[in-house]
Every structure is written in C-alpha cells, then in structure tokens.
Amino acid sequence: ASEAVARLEAAADALQARAAELEGASGAVTAVGSGGSAPQSAVSLASLEQSLDPTIELRKFLQVNDFEGAFNYALSLSDVDVVAWLCTQVPPSGVAKGLSQGVLLSLTQQLGYNLDRETTSKLDWLQETVMALDTRSPTVAPHLKTVLGALLGQLQDAVQFCPPACASKLTLVTHVVNSLNNA
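These notes cover the structure that comes with them. Numbering of residues starts from 1 in every chain and runs along the sequence as written. Only residues with pLDDT of at least 70 get local features here, since the model is predicted, and only at 80 or more are side-chain atom pairs given and counted; chain-wide, interface and lining totals rely on the full set of residues. Excluded from the side-chain calculations are hydrogens and water; all other atoms, namely the structure's heavy atoms, are used.

### Examining helix H10 (residues 167–182)
Between its first and last C-alpha atoms H10 spans 22 Å; for 16 residues at 1.5 Å apiece the expected length is 22 Å, and the two agree. Summary of the burial criterion: residues with accessible area below 20% of their type's maximum are buried, those above 50% are exposed, and those between are partly exposed, where the area comes from a 1.4 Å probe applied to protein chains only. Working definition: helices are DSSP H or I runs of at least four residues, strands are E runs of at least two. Numbering for both runs from the N terminus. Those residues of H10 lying buried are Leu 170, Val 173, Thr 174, Val 176, Val 177, Leu 180 and Asn 181. Projected down its long axis, H10 shows its buried positions confined to an angular sector of 165 degrees, all on one face. Facing away from the buried surface of H10 by more than 90 degrees, the exposed residues are Ser 168, His 175, Ser 179 and Asn 182. By the convention used here, residues are in contact when the closest approach between their heavy atoms is within 4.5 Å. Against helix H8 (119–132) and helix H9 (141–158) lie the buried residues of H10. How far a helix is expected to stretch is found by multiplying one less than its residue total by 1.5 Å. Along the arc lie the directions from the helix axis toward the C-beta atoms.

### Section: the pattern of salt bridges
Should a side-chain nitrogen of Lys or Arg be within 4 Å of a carboxyl oxygen of Asp or Glu, the pair is scored as a salt bridge. Under the criterion given, the structure shown has five salt bridges. A salt bridge links Asp 81 to Arg 117; the nearest nitrogen and oxygen atoms lie 2.8 Å apart. You can see Asp 81 sitting in helix H6 (residues 80–89) and its partner Arg 117 sitting in the loop between helix H7 (101–111) and H8, a full 36 residues away along the chain. Taking relative accessible area as the criterion, Asp 81 reaches 12% and is therefore assigned buried.

### Quick notes on the packing of H7 against H9
Think of each axis as a best-fit line through the C-alpha atoms, taken over the contacting stretch in the case of a helix, with angles from 0 to 180 degrees between the N-to-C directions. Packing of H7 against H9 brings their axes to within 9 Å, and their N-to-C directions diverge by 25 degrees. One way to sum up the angle between H7 and H9 is to call them roughly parallel. Taken as a pair, H7 and H9 cross one another with a handedness that is left-handed. Contacts from Leu 105, Thr 108 and Gln 109 in H7 reach His 143, Leu 144, Val 147 and Leu 151 in H9. Convention used here: angles under 35 degrees read as roughly parallel, angles over 145 as roughly antiparallel, angles from 65 to 115 as roughly perpendicular, and any remaining angle as oblique. In this scheme, a crossing is called left-handed if the near helix is turned counterclockwise away from the far one by less than a right angle; it is called right-handed if the turn is clockwise.

### Thoughts on the packing of helix H4 (residues 55–63) against helix H5 (residues 67–76)
Helices that pack against each other are described as a pair by the angle of their axes relative to one another and the distance between those axes. Packing of H4 against H5 brings their axes to within 7 Å, and their N-to-C directions diverge by 160 degrees. Overall, the two elements H4 and H5 adopt an arrangement that is roughly antiparallel. Judged by the twist between their axes, the crossing of H4 over H5 is left-handed. Here H4 contributes Glu 57, Leu 58, Phe 61 and Leu 62 to the contact with H5, which in turn contributes Phe 67, Gly 69, Ala 70, Tyr 73 and Ala 74. Each residue gets one label: Ala, Val, Leu, Ile, Met, Phe, Trp, Tyr, Cys and Pro are nonpolar, Asp, Glu, Lys and Arg are charged, and the others, such as Gly, are polar. Of the residues contributing to the contact of H4 with H5, the split by class is seven nonpolar, one polar and one charged.

### Re the environment of Cys 87
Tracing the backbone through its elements, the reader meets Cys 87 in helix H6. C-alpha separation for the pair Cys 87 and Asp 124, spaced 37 residues apart in sequence, amounts to 9.3 Å. With sequence-adjacent residues up to four places away left out, Cys 87 is seen in contact with Phe 71, Leu 107, Leu 111, Ser 121 and Trp 125.

### Structural notes on unusual backbone geometry
The phi torsion at Asn 65 lies on the positive side, around 55 degrees, for a residue other than glycine. On the secondary structure map, Asn 65 appears in the loop between H4 and H5. With relative accessibility at 54%, the residue Asn 65 sits in the exposed group. For Ser 78, which is not glycine, the phi dihedral falls at a positive 55 degrees. Mapped onto the secondary structure, Ser 78 falls in the loop between H5 and H6.

### What about the packing of aromatic side chains?
Pairing of aromatic rings covers Phe, Tyr and Trp, the last counted by its six-membered ring, and requires centre-to-centre distances within 6.5 Å; plane angles under 30 degrees mean stacked, over 60 mean edge-to-face, and any other angle means tilted. Under the defined criterion, the tally for this structure stands at two aromatic pairs. Geometrically, the ring pair formed by Phe 61 and Tyr 73 is tilted, given 6.1 Å between the ring centres and 40 degrees between the ring planes. With a gap of twelve residues between them, Phe 61 in helix H4 and Tyr 73 in helix H5 connect regions that are remote in the sequence.

### Notes on H4
Every buried residue of H4 is listed here: Thr 55, Glu 57, Leu 58, Phe 61 and Leu 62. Buried residues along H4 cover an arc of 155 degrees about the axis, so they all sit on one side. Just downstream of H4 lies Asn 65, where phi reads positive at about 55 degrees.

Structure representation (structure tokens):
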C-alpha cells in the first residue's frame, strides 16, 4: 500500500481505538438518554470519526459524483497526502475538465509537492489539470506564473527520482507547464 493509504489506515485504526474508549466512558450519553442534558463539550462519534479520517467525508462526495465538492474539501485540509489519496480514487480524464478554475489551480499547486510519492498518479492528474487551466480566467491569471513557476522547478527536481516508467509523462507535463508559463 502506498504511504498515504498506510497513514490513512493507521488513522482509522487510531480512530477505532478512540471510539472504543469513548463507548466505555459513555456516562454523559447515558445521562442525556435518561432526561439529563448533554454537556456542551460532548462530541458525536460520527463527527469525531470524520475529523480524524477525512476519507469518510470524501467518500460521501464521491458516491454522488460531486468531484468539485470532494476536491474543495480535500484542498481545504491543506494535506497533500489527502489530495493524493483522492486522486487515486478518481480517474483524471474527464473529471479535471469539470472542476472550477480555482480548484484546478489549487490542485495543480498541491500536486507538485512530494512528487517522490504517488508520482504516476500525480503526473496523470497534473497533465489533466494543467491542460484544463484557462490562462485568461480572472481566477487563474493573477496566480498562474507563480504556481506554474514553482511547479516547473518541482518537475525538474523530480527527474532525479522519477521511475523510468513515468519519465515520458514527466517530460510531457514539464513541456506543457513550461509552455503555459511562457505564454
């Protein structure tokens, strides 16, 4: 399993252990059930799970094909591993073109980080997101040079560790990013 999936599975295991602890200490819940009032600090198990494992919420978005919502949520967490995980759950072709320009730009920026992990998936997504960017969009245009310039540097650094199987994809994405950056 990839490192991101391993981390998410570890978080899920920790969540299950914490849930078992909470079930054992359910005095406040019992008090509410017998007519008492819930303490203001009481948190539902579902909200605790969701906060510890963002894939729960992301799967809800994916079940209804709300890709914009899923990527917005993942990007809002500022966790590249969560974004990378989401990208492994959804094929980039067709989906990227349906995302808003703001999401595409943010996704392009975050996918450039840690290219040594999930390299093939990130390159597949980068190819699609960069091609779907509208360089004249008022949302994208003011930030395009900064994002693409940083991404270009990250792609050039990736040459050192990119597996041979994805070298041609890396070259293609680098050329596309370079072309957009110089446009």
